[in-house]
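In case you want the letters, here they are:
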Amino acid sequence: MNAGLPTGWTIERVRSASGDPEAALLSLERLVVVEEYGHADYIPLQPDVILSFHDLCLVRAKDDWFMGQLDDDGSVICWASYGSDLDEAIRGL
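These numbers come from a predicted model, not from an experiment.

Caption draft 1: Spatial organisation of the pattern of salt bridges. Here the structure, examined in full by the defined rule, presents 3 salt bridges. A salt bridge links Arg91 to Asp87; its shortest N-O distance comes to 2.8 Å. With Arg91 and Asp87 both in helix H2 (residues 86-91) and 4 residues apart, this pair spans about one turn of that helix. We classify Arg91 as exposed; its relative accessible area is 55%. A single salt-bridge network, built from bridges that share partners, covers Asp87, Glu88 and Arg91.

So, in structure tokens, the structure goes:
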């Protein structure tokens, strides 16, 4: 249940920090991309953790947490990096 989360983090801690009792770890078996200013196409990400907070997500790729939205088809489109600290990224929700 806590696989892939940073050291010291559990899903319960994520739920507490976010205030979302339904926060969950999602399967990595989905398309995850990021929109970058000035690029016409999305850039694919290779996440090692995806956390969902209803329709918002935090995705960790290459040690950075990206904010994104969960689409109806299960894919995630991210729009910004919130750095490498999960606590900071959660505060950005």
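Caption draft 2: Representation of the side chain of Ser52 in the model. Inspection of the secondary structure assignment puts Ser52 in strand E4 (residues 49-53). By relative accessible area, Ser52 is classed as buried at 8%. Not counting chain neighbours up to four residues away, the residues in contact with Ser52 comprise Glu22, Ala23, Ala24, Leu26 and Cys57.

What counts, and where the lines are drawn
- Residues numbered from 1 in each chain as written.
- Predicted model: local features only at pLDDT ≥ 70, side-chain atom pairs only at ≥ 80, totals over all residues.
- Heavy atoms only, no water.
- Salt bridge = Lys/Arg side-chain N within 4 Å of Asp/Glu carboxyl O.
- Helix = DSSP H or I, 4+ residues; strand = E, 2+ residues; numbered from the N terminus.
- Buried < 20%, exposed > 50% of the residue type's maximum accessible area, 1.4 Å probe, protein only.
- Contact = heavy atoms within 4.5 Å.

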